[in-house]
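Analysis of the macromolecular model
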Amino acid sequence: MDRPIMELYSHHTTCSVITEECAFDMSMTGLETLQQDLVNVLNKIIPTCTNEGQYLHPCQKHIEDAARLRGEHASWSLNTDAHLRSVIMGRSVTVPIIDGEVQLGEFGYIWFADFDQVRARERKAIVQVMGI
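A brief report on the enclosed structure follows.

Let's talk about the sheet that holds strand β1 (residues 5-9)
The strands making up a sheet are joined through hydrogen bonds of the backbone, oriented either antiparallel or parallel. Pairing is antiparallel across the open sheet formed by 4 strands, whose spatial order is β4-β3-β1-β6. Looking at strand neighbours, the two that pair on one side only are β4 (101-102) and β6 (126-130), the edges of this open sheet. Bridge analysis of β1 against β6 gives 5 bridges, and the strand direction is antiparallel. When the sheet's bridge partners are listed, Y9 is paired in β6 with I126.

If you want it as structure tokens, here you go:
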């Protein structure tokens, strides 16, 4: 028998959608402790981009095109770490639905992670339920 599923997806290439449990405690930075642990680990694997030349991306053509096509400031392109983190963590999750309940486990949550630290902006996730 086919069971319904819910897919959550981010089309933003610097964001991720993941499932994780609730940590029930906060770090001094205001994040749940498990979220803070994830940030700490990702910072070790992929250091935050702090200056041009730290990574190959962005190249000069990328910066010029972003300014010309979207009016972006050059410093907004210093988000290579966010792109790499999103690739590693993934941009979607699929969760089964049984008897009308999303199956996340006893303490499971869906997290939307925006790794882009260069500027604040509105983000959206796409939720699609299939098989109902």
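Structural notes on helix α3 (residues 80-89)
Those residues of α3 that sit buried are T80, D81, A82, R85 and S86. Among the structural elements, β2 (15-21) and α1 (33-45) are those in contact with the buried residues of α3. Immediately beyond the C-terminal end of α3, within one or two residues, lies G90, with a positive phi of roughly 90 degrees.

Quick word on the state of the cysteines
All told, the structure shown has 0 disulfides when counted by the stated rule. Free cysteine: C15, not disulfide-bonded; nearest cysteine sulfur from C49 at 16 Å. C15 sits in the buried class, given a relative accessible area of 0%. Residue C59 stays outside any disulfide, its sulfur separated by 13 Å from that of C49, the closest cysteine.

What to know about the side chain of S27
Among the secondary structure elements, S27 is positioned in the loop between β2 and α1. A relative accessible area of 18% places S27 in the buried class. Setting aside residues up to four positions removed in sequence, S27 forms contacts with E32, T33 and Q36.

Let's talk about the pattern of salt bridges
If the charged atoms of two oppositely charged side chains come close together, the side chains can form a pair. Per the counting criterion, the structure on display carries 9 salt bridges. E72 is the partner of R119 in a salt bridge, and the nearest nitrogen-oxygen pair spans 3.3 Å. A residue pair is termed long-range when its members are at least 10 positions apart, and R119 in the loop between β5 (108-114) and β6 and E72 in the loop between α2 (60-70) and α3 qualify at 47 residues. We classify R119 as partly exposed; its relative accessible area is 21%. On the basis of relative accessibility, which here comes to 15%, the residue E72 falls in the buried class. Among the salt bridges present, the one from R123 reaches D114, with a minimum N-O distance of 3.1 Å. Of the residues examined, D114 reaches a relative accessible area of 32% and is grouped as partly exposed.

Thresholds applied
- Residues numbered from 1 in each chain as written.
- Predicted model: local features only at pLDDT ≥ 70, side-chain atom pairs only at ≥ 80, totals over all residues.
- Heavy atoms only, no water.
- Pairing = 2+ DSSP bridges.
- Helix = DSSP H or I, 4+ residues; strand = E, 2+ residues; numbered from the N terminus.
- Buried < 20%, exposed > 50% of the residue type's maximum accessible area, 1.4 Å probe, protein only.
- Contact = heavy atoms within 4.5 Å.
- Disulfide = S-S within 2.5 Å.
- Salt bridge = Lys/Arg side-chain N within 4 Å of Asp/Glu carboxyl O.

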